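Structure at a glance
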Amino acid sequence: MKTHTAPVITIDGPVGSGKSTIGRMLAERLGILYLDTGAMYRAVALAARQRGIAPDDDAALGRLCGRIRISFSRDGGRQLVFLDGADVTGEIRLPEISMLASAVSAQPCVRAAMVAQQRACAENGVVADGRDAGTVIFPQAPFKFYLDANVEVRARRRHKELIEKNIPMEYSGVLKEVEQRDHNDTTRLHAPLKPAPDAVILDTSLMTIEEVLTALVSHIERGRPLLPYTQTGTQETC
Ligand code: DC
C-alpha cells in the first residue's frame, strides 16, 4: 500500500467535456502535475500504426507498450508529448489517431501497462484526466470529478479545437467521431467510461471554462482537507 501526502484529483468525462482544459488549469492553480492519460493512449495508437500493429491485437500491443517510452514536457502553457523522444504533440491529435486510441484503449494489456505508468506519476500529487482516473487508476483519490455536456456542445468544442489546430474537418464528421468514441468508450469491457460512485458530476453544457474551474476549486476548498492519498486499488493484469 502506498501513501501520498500530496493531493490526487481525478477528472473523467467524454470527449469535449472540458476535462483537459480544466485539468491543466486546476493543476497549474494547485502547483501539481497535470497528467493527460488520453495522450498516453494516443501515443500507443500512433506507435501501433507506425509498426502496423492491429488495434485489436492485445498481445502485440502489450509487448509494444513495454518497448515504447511516453513522456511529457512543458513549453510555456503548452504540454508536449513525446514518443521515444520524438515530439508527437500535434500528430496524436489527428482524427484518425483519436479513433485508433479509442480502439487500442479497449485492450486489457494496453490498459494494464498505462495504469501502472499513470500511478507512478502520482508521488507528488496529480490532476489526472481521462476515462477511468477515478474508477480504476486512483480509486482512493480524495477529489473526483466527472464532467459531461450534451453531445452537440461537445462536438462543437472539438470542431473548434481541430480548426484552431489547422486540422480541417466538417462539423458533421466531428459529431460522428464523438458519437462513435462515446459508444466505444462507454461500452467496452475493461474500464469503461463512467462516473466513480463518489465523483462530483457537473454538466458543463452551459458553463464557461472559468465557471467550471471555479466550481471545482470551491468544491476542493470546501471539501475535506487534502488528506494523504492511499493507493489500494487493484490493478488490471494481463
Ligand atoms: O481524452 P482523449 O480524447 O485524448 O482520449 C483518447 C482515447 O483514449 C479515448 O477515446 C479513450 C481512451 N482513454 C481511455 O481509455 N482511458 C483514459 N484514461 C483516457 C483515454
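Residues numbered from 1 in each chain as written. Predicted model: local features only at pLDDT ≥ 70, side-chain atom pairs only at ≥ 80, totals over all residues. Heavy atoms only, no water.

1. Description of the overall build of the protein chain
A tally of regular secondary structure across the protein chain gives nine helices and 10 strands. Relative to the 2.2 N^0.38 estimate, which gives 18 Å for 238 residues, the radius of gyration of the protein chain is 17 Å and therefore close to what a compact globule would have. Along the first, second and third principal axes, the C-alpha atoms of the protein chain reach 50 × 40 × 35 Å. Put simply, the protein chain has 238 residues, and 51% of those count as buried. Of the roughly 11000 Å² of accessible surface on the protein chain, 54% is carried by carbon and sulfur atoms. Of the charged side chains in the protein chain, 29 are positive and 29 negative, and the gap between their average positions amounts to 3 Å. (Helix = DSSP H or I, 4+ residues; strand = E, 2+ residues; numbered from the N terminus. Rg over C-alpha atoms; globule rule 2.2 N^0.38 Å. Buried < 20%, exposed > 50% of the residue type's maximum accessible area, 1.4 Å probe, protein only. Areas by Shrake-Rupley, 256 points an atom, 1.4 Å probe, with all protein chains shown as cover. Lys, Arg positive; Asp, Glu negative; His and termini not counted. Charge placed at Lys NZ, Arg CZ, Asp CG, Glu CD.)

2. Some details on the nonpolar core
Most often, soluble globular proteins have nonpolar side chains that are buried together. Judged by nonpolar contacts, the single largest core of 38 residues is most densely connected at Val44, Ile70, Met114 and Phe138. Listed by contribution, the elements that provide at least two residues to this core are helix 2 (37-51), helix 3 (58-67), strand 5 (78-83), helix 4 (95-104), helix 5 (108-120), strand 7 (126-130) and helix 6 (133-137). A per-element tally of this core places helix 2 first, with nine residues. With near-sequence residues (within four places) excluded, Val44 lies in contact with Leu64, Cys65, Ile68, Ile70, Val104, Val110 and Met114. Membership of the second largest hydrophobic core comes to 17 residues, among which are Leu26, Tyr34, Leu202 and Val212. (Core = buried A, V, L, I, M, F, W, Y, C linked by side-chain atoms within 4.5 Å. Contact = heavy atoms within 4.5 Å.)

3. Considerations on the sheet that holds strand 9 (residues 200-203)
Strand order in the open sheet formed by five strands is 3-7-2-8-9, and the pairing between neighbours is parallel. Because the sheet does not close on itself, it has two edges, and the strands there are strand 3 (33-36) and strand 9. The mean inter-strand angle of the sheet, taken between neighbouring strand axes irrespective of direction, is 20°. Bridging between strand 2 (residues 8-12) and strand 8 (residues 143-148) involves four bridges; their strand directions are parallel. Bridged to Thr10 within strand 8 is Lys144. (Pairing = 2+ DSSP bridges. Axes fitted to C-alpha atoms, helices over the stretch in contact; angles between N-to-C directions.)

4. Description of the site of the ligand
By nearness alone, 16 residues border the ligand, and Arg42, Arg111, Asp132, Arg181 and Arg188 come closest of all. A distance of 3.3 Å separates an oxygen atom of the ligand from a polar side-chain atom of Ser105. Arg181 places a polar side-chain atom, nitrogen or oxygen, 2.8 Å from an oxygen atom of the ligand. Surface burial for the ligand is 97%, taken as the share of its 440 Å² of free accessible area covered by protein chains. (Near = heavy atom within 4 Å. Polar contact = N/O pair within 3.5 Å; in protein donor to acceptor, adjacent residues only side chain to side chain.)

5. Regarding the environment of Ala60
Relative to the helices and strands, Ala60 is located in helix 3. Each C-alpha atom of the pair Ala60 and Ala48 lies 9.0 Å from the other, and the pair is 12 residues apart in sequence.

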